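Structure assessment
What follows is the residue order along each chain.
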There are 2 protein chains.
Amino acid sequence: MKAALWHGRDDVRIEEVPEPTPRENEVKIGVKWCGICGSDLHEYRAGPMIIPQKPHPLTGRTPPIILGHEFSGDVVEIGSGVKDVNVGDRVVVNALIYCGQCFYCGMGEYNMCIKLGSTGLASDGGFAEFVTVPSYATYNIPPEVTYETGTFVEPLAVAIRAVKRARAQVGNTAAVVGAGPIGLLVQQAAAACGAGKVYAIEPLAERRELAKKLGATEVFDPSEGDVSKEIHALTHGMRADVAYECVGNQGAFDTAVRVTGRRGMIVMVGLAIEPLTVPFLRLWGHEKEITTSQGYVDEFPPAIAFLADGRVQVESMITGKITLDDLVEKGFKELIEHPEENIKIVVSPQ
Amino acid sequence: MKAALWHGRDDVRIEEVPEPTPRENEVKIGVKWCGICGSDLHEYRAGPMIIPQKPHPLTGRTPPIILGHEFSGDVVEIGSGVKDVNVGDRVVVNALIYCGQCFYCGMGEYNMCIKLGSTGLASDGGFAEFVTVPSYATYNIPPEVTYETGTFVEPLAVAIRAVKRARAQVGNTAAVVGAGPIGLLVQQAAAACGAGKVYAIEPLAERRELAKKLGATEVFDPSEGDVSKEIHALTHGMRADVAYECVGNQGAFDTAVRVTGRRGMIVMVGLAIEPLTVPFLRLWGHEKEITTSQGYVDEFPPAIAFLADGRVQVESMITGKITLDDLVEKGFKELIEHPEENIKIVVSPQ
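These figures come from a predicted structure and were not determined experimentally. (Residues numbered from 1 in each chain as written. Chains lettered and ligands numbered in written order. Predicted model: local features only at pLDDT ≥ 70, side-chain atom pairs only at ≥ 80, totals over all residues. Heavy atoms only, no water.)

1. Things to note about the packing of helix α4 (residues 153-166) of chain A against helix α10 (residues 300-309) of chain A
All names here are of chain A. Going by this rule: Axes here refer to lines fitted to C-alpha atoms; in helices the fit is confined to the stretch in contact. Angles between the N-to-C directions go from 0 to 180 degrees. By definition, any uninterrupted DSSP run of H or I lasting at least four residues is a helix, any uninterrupted run of E lasting at least two residues is a strand, and each is numbered from the N terminus. Note that the term roughly parallel is reserved for angles under 35 degrees, roughly antiparallel for angles over 145, roughly perpendicular for angles of 65 to 115, and oblique for everything else. For any pair of crossing helices, the crossing counts as left-handed if the nearer helix is rotated counterclockwise from the farther one by less than a right angle, and right-handed if it is rotated clockwise. Contacts are residue-level and defined by heavy atoms, with any inter-residue pair within 4.5 Å sufficient. Each residue receives one of three labels: charged for Asp, Glu, Lys and Arg, nonpolar for Ala, Val, Leu, Ile, Met, Phe, Trp, Tyr, Cys and Pro, and polar for the others, Gly being one of them.
Contact pair α4 / α10: the axes reach a minimum separation of 8 Å and the direction vectors enclose 110°. As judged from the angle between their axes, α4 and α10 are roughly perpendicular. Between α4 and α10 lies a crossing of right-handed hand. Of the residues in α10, those touching α4 at V153, E154, L156, A157 and I160 are F300, P302, A303, I304, F306 and L307. Partitioning the contact of α4 with α10 into residue classes produces 10 nonpolar, no polar and one charged.

Below, the structure is given as structure tokens:
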């Protein structure tokens with residue numbers, strides 16, 4: 001079968017590899033679509049970051065590894081012992097791979113598993129015609145969720161977890177810094193989870209327009225004027241209860257700090273590769289807090305529900321549909337070089 | 001009366017000033033003892049920091065201002081309208097001055113008051129023979145709390161709030177970075193509030209010894225060996241649920257990050273004047289969080305209770321008793337120049 005293998009930094013190859021066979025308690029999925037995630041780009045440009053450099057403790061894998069963890073497809077074969085999944089099921093996949101035996105797994109906190117891995121990073125993923133995954137990792141999608149929109153279940157689960165980690169009250173004012181793929185999902189997840197107002201902050205005009213279309217109460221260009229003053233005025237001095245930092249750099253973080261009000265929470269969603277400078281003296285006076293959010297635990301069901309009932313809209317976020325052969329040139333490179341024209345590119349292995 | 005006035009950086013003078021007279025709803029207190037706080041030292045060395053540079057919105061005050069906010073004494077006179085405080089009451093004082101009218105005060109979150117000030121910084125404080133304060137700010141102390149130990153109620157309230165901000169489960173493992181006056185109170189407050197084990201991390205041998213004497217489960221010298229590895233081993237890989245950063249610098253913060261386990265909370269208690277560098281990539285993978293704690297809201301009653309019943313011991317933290325005339329030389333300078341020999345110095349205006 002055809003697959004996209006990460007061999008090294010700047011070295012992702014489309015190759016013919018043997019079709020995988022489901023082992024005990026695994027299922028084989030015929031991939032329909034797989035989204036390109038920011039972490040795929042990180043691995044392509046600057047990896048290995050999450051891709052294991054020595055054999056992964058759970059999968060034993062080292063590169064080359066088939067990338068792709070935001071995929072949908074049909075179950076085409078089940079391994080021995082699989083009971084709750086049937087051939088023909090339309091599914092999406094929880095990409096986290098965990099041991100099930102450590103303290104954290106025992107507590108149901110499997111995103112904290114001491115051996116945590118991810119399909120498409122620590123085992124072969126969805127940029128391929130077929131992929132095998134543990135049967136417990138599949139979630140059936142209802143007819144309202146298409147294969148294309150189903151690719152958003154995984155990143156939407158990430159967004160919903162970020163919202164849950166904020167522990168904000170219903171009716172909270174949320175500020176979302178960055179209207180890229182994760183920011184646009186966080187914005188919608190915040191609204192779906194009870195935020196009162198959602199302010200989107202984004203320098204690219206195209207993305208601001210999309211944020212507005214997808215329901216942002218107001219959109220702001222951080223390169224024009226002082227967003228924190230504008231939000232201060234709009235909220236009668238209260239500013240945001242929660243700021244979601246969906247970029248991962250110093251400028252976005254500084255904005256998140258400034259737009260957050262007293263007792264405010266800053267949720268780090270964007271992956272800040274470099275350490276950031278934090279003005280604790282300013283946080284302290286207002287008892288501001290910073291939290292982080294890693295993957296998801298039980299956020300697949302609400303993600304599917306929000307997509308199915310339309311509370312979260314993703315069709316307009318798909319800015320490209322390509323085939324596997326074009327993954328690097330029309331996928332990775334396109335996203336890196338033309339962020340203003342793209343949000344999410346989905347890939348078909350056909 | 002005699003009082004210590006902050007005129008400017010490195011310029012605190014012991015002077016004769018008129019005795020204050022309690023206005024409506026104020027009480028006049030004859031000060032018995034007043035502790036020297038780290039923020040007094042900050043104001044002395046590097047102020048004005050909290051001391052207002054323009055008239056404070058609630059008190060109208062600018063320097064010179066009488067310092068001192070950790071004091072105990074007797075009520076010697078009450079102003080008109082005061083009902084619940086009587087002459088002769090043995091009291092300590094909530095130093096926070098708030099408007100009572102803003103959104104946050106209305107929510108009972110007065111430490112977030114938009115006009116927040118503090119006795120001894122935005123109004124005349126307790127390094128004086130007499131001080132007047134709003135009657136609502138006084139708390140009676142029981143016989144078990146002496147005037148000397150009563151000076152610890154205010155900083156202990158700060159410590160208890162820091163513990164509450166951690167939102168840790170009963171039985172949590174706490175690591176306290178820094179065994180200075182606040183660290184030693186946080187350590188004891190954490191234990192009094194249900195921490196299972198309390199690890200104290202402190203480079204000064206004298207302070208480690210005191211931390212152990214005051215109940216630390218284990219003490220660690222961060223300048224010898226790798227504390228995080230030691231705590232990792234002691235906790236079977238779990239590390240601390242909460243790290244209290246009670247120093248306020250990069251080294252202490254880095255230690256706090258390293259000794260904290262998955263889903264761990266870092267509470268910033270020490271006042272980090274300079275911004276700190278935060279490795280979010282490391283926090284993210286373990287969903288670590290950082291919170292801040294500002295003053296107190298309703299932490300005076302438990303602080304008095306813990307001192308009264310002996311759950312928090314402070315006598316051994318008093319390393320000096322001086323009179324007001326010696327405040328600068330034997331108080332401020334002594335604490336700055338000889339931290340290894342001192343924890344808390346209390347001052348009598350007599």
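Having seen it, we continue.
2. Things to note about a nonpolar patch on the surface
Basically, it comes down to this: Each patch is built from residues lacking any salt bridge and having more than 30% relative accessible area; the joining distance is 9 Å for like charges and 5 Å for nonpolar side chains (Val, Leu, Ile, Met, Phe, Trp, Tyr). Methods summary: accessible areas were calculated by the Shrake-Rupley approach with a probe of 1.4 Å, and residue burial reflects only the protein chains presented. By definition here, a salt bridge exists when the distance from a side-chain nitrogen of Lys or Arg to a carboxyl oxygen of Asp or Glu is within 4 Å. Partly exposed residues are those whose accessible area sits between 20% and 50% of the maximum for their type, while under 20% is buried and over 50% is exposed, using a 1.4 Å probe and protein chains only.
A surface patch of nonpolar side chains, amounting to about 270 Å² of accessible area, comprises L281 of chain A together with M49, I50 and I273 of chain B. Following the sequence through the fold, M49 of chain B ends up in the loop between α1 (38-46) and β4 (65-66). A relative accessible area of 31% places M49 of chain B in the partly exposed class.

3. A word on the sheet that holds strand β2 (residues 11-16) of chain B
Residue and element names in this part refer to chain B. Threshold: By this definition, two strands are paired if DSSP reports at least two bridges between them.
Ordered in space as β2-β1-β4, the three strands form an open sheet in which the pairing is antiparallel. A single partner strand is all that each edge strand has here, and the edge strands are β2 and β4. In terms of strand pairing, strand β1 (residues 2-8) meets β4 through two bridges, oriented antiparallel. For W6, the partnering residue across the bridge sits in β4 and is I65.

4. Considering the interface of chain A and chain B
How big an interface is tends to be stated in terms of accessible area lost as the parts join. Quick reminder of the rule: Note on definitions: buried area is the accessible-area loss of two parts on being combined, 1.4 Å probe, summed for both. Polar contact criterion, stated in full: a pair of N or O atoms within 3.5 Å, where within protein one must be able to donate a hydrogen and the other to accept it, and residues adjacent in sequence count only if both atoms are side-chain atoms.
The interface is formed by 40 residues belonging to chain A together with 40 residues belonging to chain B. Taking both sides of the interface into account, the surface hidden between chain A and chain B amounts to around 3800 Å²; carbon and sulfur atoms contribute 58%. Among the residues chain A hides against chain B, the three largest losses belong to R262, F280 and W284 of chain A. Together they make up 20% of the total. Linking chain A with chain B are 10 salt bridges, by the criterion used here. Here R161 of chain B makes a salt bridge to E287 of chain A, at a shortest N to O gap of 2.7 Å. On the surface where chain A and chain B come into contact, there are 26 residue pairs in polar contact (both at pLDDT 80 or more). Secondary-structure elements contributing two or more residues to the side of chain A that touches chain B are α2 (103-106), α4, β15 (260-268), β16 (276-278), α9 (280-285) and β17 (289-292) of chain A. Considering each element in turn, the side of chain A that touches chain B owes the most residues, five residues, to α9 of chain A. Taken together, the residues that form the side of chain A that touches chain B break down as 23 nonpolar, eight polar and nine charged. For β16 of chain A and strand β16 (residues 276-278) of chain B, the ladder comprises three bridges, and the chain directions are antiparallel. By the bridge assignment, L276 of chain A is partnered in β16 of chain B with V278 of chain B.

5. What to know about the relation of the copies chain A and chain B
Where we set the bar: Each copy is superposed on the other by least squares, with the fit set by C-alpha atoms of residues at a pLDDT of at least 70 in both.
Mapping chain A onto chain B is achieved by rotating through 180° and translating by 0.0 Å along the same axis, at an RMSD of 0.0 Å. The superposition operator between the copies reduces to a two-fold rotation axis. Taking C-alpha positions as the reference, the residue of chain A nearest the rotation axis is T277 of chain A, at 2.3 Å. A shared binding surface is used by both copies, with 100% of the interface residues of chain A retained as interface residues in chain B.

6. A word on the state of the cysteines
Residues and elements named next belong to chain A. We count it as follows: Criterion for a disulfide: a pair of cysteine sulfur atoms at a distance within 2.5 Å.
Applying the stated criterion to the full structure yields zero disulfides over all chains. Between C113, a free cysteine, and C99, which holds the nearest cysteine sulfur, the sulfur-to-sulfur gap is 3.6 Å. Assessed through its relative accessible area of 4%, C113 is described here as buried.

7. Points about the sheet that holds strand β2 (residues 11-16) of chain A
In space, the three strands of this open sheet follow the order β2-β1-β4 (chain A), with antiparallel pairing throughout. Sheet topology places β2 and β4 (65-66) of chain A at the edges, where each strand pairs with a single neighbour.

8. Regarding unusual backbone geometry
For the peptide bond that leads from G47 of chain A to P48 of chain A, omega is 0°, which places it in the cis range. Within the element layout of this structure, P48 of chain A appears in the loop between α1 (38-46) and β4. Cis geometry marks the peptide bond from P63 of chain A to P64 of chain A, where omega comes out at 0°. Within the secondary structure layout, P64 of chain A lies in the loop between α1 and β4. For E287 of chain A, which is not a glycine, the phi torsion comes out positive at approximately 50°. For E287 of chain A, the location among the structural elements is in the loop between α9 and β17. One non-glycine residue with positive phi stands out, namely N25 of chain B, at about 65°. Structurally, the position occupied by N25 of chain B is in the loop between β2 and β3 (26-35).

9. Regarding the pairing of strand β12 (residues 197-201) of chain B
Walk down a regular strand and you will see the side chains alternate between the two sheet faces. Residues and elements named next belong to chain B. Just so we agree on the cut-off: With strands facing away from the observer, any crossover in which the path from the first strand over the helix to the second runs clockwise is taken as right-handed.
Most of β12 is tucked away, with four of its five residues classed as buried. Taken together, the five bridges between strand β11 (residues 173-177) and β12 define a ladder with parallel strand orientation. Each residue of the ladder has a partner; that of V177, found in β12, is I201. The parallel pair β11 and β12 is bridged by helix α5 (residues 181-192), and the resulting crossover is right-handed. In this view, the connection linking β12 to its parallel neighbour strand β13 (residues 218-220) by way of helix α6 (residues 205-213) has right-handed handedness.

10. Examining the environment of V82 of chain A
Residues and elements named next belong to chain A. Relative to the assigned elements, V82 resides in the loop between β5 (70-78) and β6 (90-93). Note on V82: relative accessible area 11%, which makes it buried. If sequence neighbours within four positions are ignored, V82 has contacts with N25, E26, V27 and S135.

11. Re empty space enclosed by the protein
Basically, it comes down to this: With a 1 Å grid laid over protein atoms only, a set of points is called a cavity when a 1.4 Å probe fits there but cannot get out and a pocket when it is open yet has protein on both sides within 12 Å along at least five of seven lines; lining residues have an atom within 4 Å of a point. Grid points are joined across faces, edges and corners, and a volume is the space filled by probe spheres set on the points.
A complete count under the given rule lists one cavity of 30 Å³ or more for this structure. Taken as a whole, the largest cavity spans an internal volume of roughly 40 Å³. The wall of the largest cavity is formed by M268, G270, L271, A272 and T292 of chain A together with F280, L281 and W284 of chain B. Per element, the largest residue contribution to the lining of the largest cavity is three residues, and it comes from helix α9 (residues 280-285) of chain B.

12. Considering the domain arrangement of chain A
Residues and elements named next belong to chain A. Selection criterion: Here the limits of each domain have been adopted from an automatic or database domain assignment.
Taken domain by domain, chain A consists of domain 1 (2-152 + 314-348) and domain 2 (158-292). Domain 1 and domain 2 are separated by 28 Å when their C-alpha centres are compared. Listed by partner, the interface residues are 12 residues for domain 1 and 15 residues for domain 2. Counting the surface lost from both domain 1 and domain 2, the interface buries some 1100 Å², and carbon and sulfur atoms represent 70% of this. On the domain 1 side of the interface with domain 2, the three residues burying the most area are M317, E340 and I343, jointly 45% of the side's total. On the surface where domain 1 and domain 2 come into contact, there are zero salt bridges. Along the contact surface separating domain 1 from domain 2 lie two residue pairs in polar contact (both at pLDDT 80 or more). Grouping the amino acids of the side of domain 1 that touches domain 2 by side-chain chemistry returns six nonpolar, four polar and two charged.

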